[in-house]
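In case you want the letters, here they are:
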Amino acid sequence: MINFAAPRLQSGSFNSPFDEALILKNKSQEIEPFLSGRCIYLVGMMGSGKTTIGKVLSQVLSYNFCDSDSLVEEDVGTSVAEIFKLYGEGFFREKETEMLRRLSRMHRMVVSTGGGAVIRPVNWRHMQQGISVWLDVPLEALARRIAAVGTHSRPLLHDESGDAYTKALTRLSNLLEERSESYAYANARVSLEEIAAKLGYRDVSHISPTAIAIEALEQIEGFLKEEDGMAFGTL
Ligand SMILES: Nc1ncnc2c1ncn2[C@@H]1O[C@H](COP(=O)(O)OP(=O)(O)OP(=O)(O)O)[C@@H](O)[C@H]1O
Ligand SMILES: O=C(O)C1=C[C@@H](O)[C@@H](O)[C@H](O)C1
Ligand SMILES: [Mg+2]
């Protein structure tokens, strides 16, 4: 049975960025041996923080980081937006699956997946070689983040009319309705609303990437314990 050696750290209310960094380091050291080199796949809507949090996690776990959208772009030789325009979404989805298939043979990687990777069951077969984590961010926060950087690189957000925030919010809410069941297949879920409640914040935008990474590791720990309990019949 998995026995995490270090005492369990509660995220609680952090006093300083230094506390957060220390808790993150301790938690990563506690969990890393039990991952057995398995990759971590971050899934979630556009703008949910897969790249931001993925880089933090890869650093503390001494894993490599990669982004499946970037792998497709390198393979095809142009941007995701251009791929959609020139060859269509179906072509992009095939390439995305191909990249996830290649990644499924690798170890010690944190993978930031494309926002729509969860919709194809075959992609889950590949991601099940590792541990998947859903970054569940409220729609309003996603729309705020995306409006701040623009929708030019996000082909699925192009068609709406209105200001950048309203456009993003309308389209994201339709996409989330279609996809929320698929995101929920992930082995672990990181809810920004739950972190905010735990830390006593009213707005999820106050949560730092470090605090989100800590929660991700705690949720992964929960999954590992559950998995271990199932394998050995004890919890
Ligand atoms: N915890 C956070 N607090 C505030 N802003 C954040 C946070 N995490 C990410 N961001 C910002 O939100 C935007 C989207 O983040 P990021 O690129 O990490 O998301 P993503 O899920 O990888 O998106 P994409 O769909 O582009 O792959 C970026 O501008 C980033 O700086
Ligand atoms: O949510 C989606 O379907 C997408 C998200 C991006 O990461 C890219 O993979 C692409 O723009 C499609
Ligand atoms: Mg990204």
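Refer to the preceding data block for the structure.
We now turn to the structure provided with this report. Please read all numbers here as calculations on a predicted model, not as lab measurements.

Okay, the site of ligand 1 next. Near ligand 1 you find 13 residues, and of these Gly47, Lys50, Thr51, Thr52 and Arg154 are the closest. With respect to ligand 1, the backbone of Gly49 contributes an N or O atom lying 3.0 Å from an oxygen atom. A distance of 2.9 Å separates an oxygen atom of ligand 1 from a polar atom in the side chain of Lys50. Counting residues per element, the ones that place at least two in the shell around ligand 1 are helix H2 (50–61) and helix H7 (139–149). Counting residues per element, the shell around ligand 1 draws most heavily on H2, at three residues. Here the shell around ligand 1 is composed, by residue class, of five nonpolar, five polar and three charged.

Tallied over the full model, the rule gives 17 salt bridges. Among the salt bridges present, the one from Glu32 reaches Arg108, with a minimum N-O distance of 2.7 Å. Residue Glu32 is found in helix H1 (residues 17–35), and its partner Arg108 is found in the loop between helix H5 (89–103) and strand S3 (109–112); the two are separated by 76 residues along the sequence. Taking the relative accessible area as the measure of exposure, Arg108 reaches 31% and is therefore partly exposed. Among the charged side chains, a network of salt bridges with common partners joins Lys27, Glu30, Glu221 and Lys225.

Considered for burial, the residues of helix H4 (residues 80–87) that qualify are Val80, Ala81, Ile83 and Phe84. Summarising the axial view, the buried residues of H4 lie within an arc of 165°, below the 170-degree limit, and thus occupy one face. Along H4, exposed side chains directed more than 90 degrees from the buried face belong to Lys85 and Leu86. If you follow the buried residues of H4, they end up packed against helix H3 (68–76) and H5.

Looking at the element boundaries, Thr97 is found in helix H5. Residues Thr97 and Leu57 lie 40 residues apart in sequence; the distance between their C-alpha atoms is 23 Å. If near-sequence neighbours (up to four positions away) are discounted, Thr97 is found in contact with Arg120, Val122, Asn123 and His126. A distance of 2.7 Å separates the side chain of Thr97 from the side chain of Arg120, its partner in a polar contact. Polar side-chain contacts of Thr97 include one of 2.8 Å to the side chain of Asn123.

Conventions we followed
Residues numbered from 1 in each chain as written. Chains lettered and ligands numbered in written order. Predicted model: local features only at pLDDT ≥ 70, side-chain atom pairs only at ≥ 80, totals over all residues. Heavy atoms only, no water. Near = heavy atom within 4 Å. Polar contact = N/O pair within 3.5 Å; in protein donor to acceptor, adjacent residues only side chain to side chain. Helix = DSSP H or I, 4+ residues; strand = E, 2+ residues; numbered from the N terminus. Nonpolar A, V, L, I, M, F, W, Y, C, P; charged D, E, K, R; others polar. Salt bridge = Lys/Arg side-chain N within 4 Å of Asp/Glu carboxyl O. Buried < 20%, exposed > 50% of the residue type's maximum accessible area, 1.4 Å probe, protein only. Arc of directions from axis to C-beta. Contact = heavy atoms within 4.5 Å.

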